[in-house]
Amino acid sequence: MDIQKIKEELVRYSRMCYDRGMICATGGNISCRVPGEEAILIKGTGSAFSDMTVDDVVKIDLDGNHLEGSVQKSKEWRFHAGIYKVRPDVNAVIHIHPPYATAIAANHEELPLVTNHAKGYLKKVPTVGISGSGSEELAENVLKEYSDPERVVILMKEHGLTSVGPDFRKAFFMAEMAEDTAKIALFSKLK
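Residues numbered from 1 in each chain as written. Predicted model: local features only at pLDDT ≥ 70, side-chain atom pairs only at ≥ 80, totals over all residues. Heavy atoms only, no water.

(A) How the structure looks around the sheet that holds strand β7 (residues 153-156). Across the sheet, which stays open at both edges, the 8 strands sit in the order β4-β3-β2-β1-β5-β8-β7-β6 with mixed pairing between neighbours. Only two strands of the sheet have a single neighbouring strand rather than two, namely β4 (66-68) and β6 (127-128). Here strand β1 (residues 29-33) runs beside strand β5 (residues 92-96); their pairing, made up of 4 bridges, is antiparallel. Following the sheet pairing, Ile 30 is matched in β5 by Ile 94. Of the strands in this sheet, β6, β7 and β8 (160-165) are in contact with helix α3 (residues 99-107), which crosses β7 at around 65 degrees. On the sheet, helix α6 (residues 168-188) packs against β1, β5, β7 and β8 and is oriented at approximately 145 degrees with respect to β8. (Pairing = 2+ DSSP bridges. Helix = DSSP H or I, 4+ residues; strand = E, 2+ residues; numbered from the N terminus. Contact = heavy atoms within 4.5 Å. Axes fitted to C-alpha atoms, helices over the stretch in contact; angles between N-to-C directions.)

(B) Main features of the packing of aromatic side chains. With the rule as written, the count across this model stands at 4 aromatic pairs. Taking 6.2 Å as the distance between ring centres and 55 degrees as the angle between the ring planes, the aromatic pair formed by Phe 172 and Phe 173 counts as tilted. For Phe 172, a relative accessible area of 0% translates into the label buried. Accessibility expressed as a relative area gives 35% for Phe 173, which makes it partly exposed. Members of the aromatic cluster, joined through ring pairs, are Tyr 13, Phe 168, Phe 172 and Phe 173. The lysine or arginine in question, Lys 73, covers the ring of Trp 77, its NZ or CZ lying 5.1 Å from the ring centre. (Phe/Tyr/Trp six-rings, centres within 6.5 Å; stacked < 30°, edge-to-face > 60°. Buried < 20%, exposed > 50% of the residue type's maximum accessible area, 1.4 Å probe, protein only. Lys NZ or Arg CZ within 6 Å of the ring centre and 35° of its normal.)

(C) Examining the environment of Gly 46 more closely. As for its position among the elements, Gly 46 is in the loop between β2 (39-43) and β3 (57-61). Sequence separation between Gly 46 and His 80 is 34 residues; the distance between their C-alpha atoms is 17 Å.

See below:
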């Protein structure tokens, strides 16, 4: 797959996240590994998932050095690059702020897995503590969880969720399943 097609796929999944109500405005970020290189493509800062284009994608190396693109890299590049360093099985990372998962993260140490489906696929979804956006502390907290090769989703207190996968499709499905699970968990508390 050439780099242009990879960028187009990144844009397509960004818009899907927006269309499904899992992100608004310019929050969140999405990235993927560049095949055969020690580099990633990542959404530029200030770009909205809703109307993203390939011009909103920047290429950086795993140390955050700008390689290609006319926009500034996402401030969350540290945890994206770090995940690719510790998880050779991961080729896509999606960080979004879906409302139900974000609500669960506010008051729970982990996502309650209230369905067999969630238990089978998500296994465990821990919540990492509050850290500044783009901070090294946030990157360290995220990487601590993703060092576990079974981890596919984490919640971030006051900051949504991050999902990973071998491709965008799988990372998106894990994010979508986590948000649906959070919704069911919250509804299950209603009396």
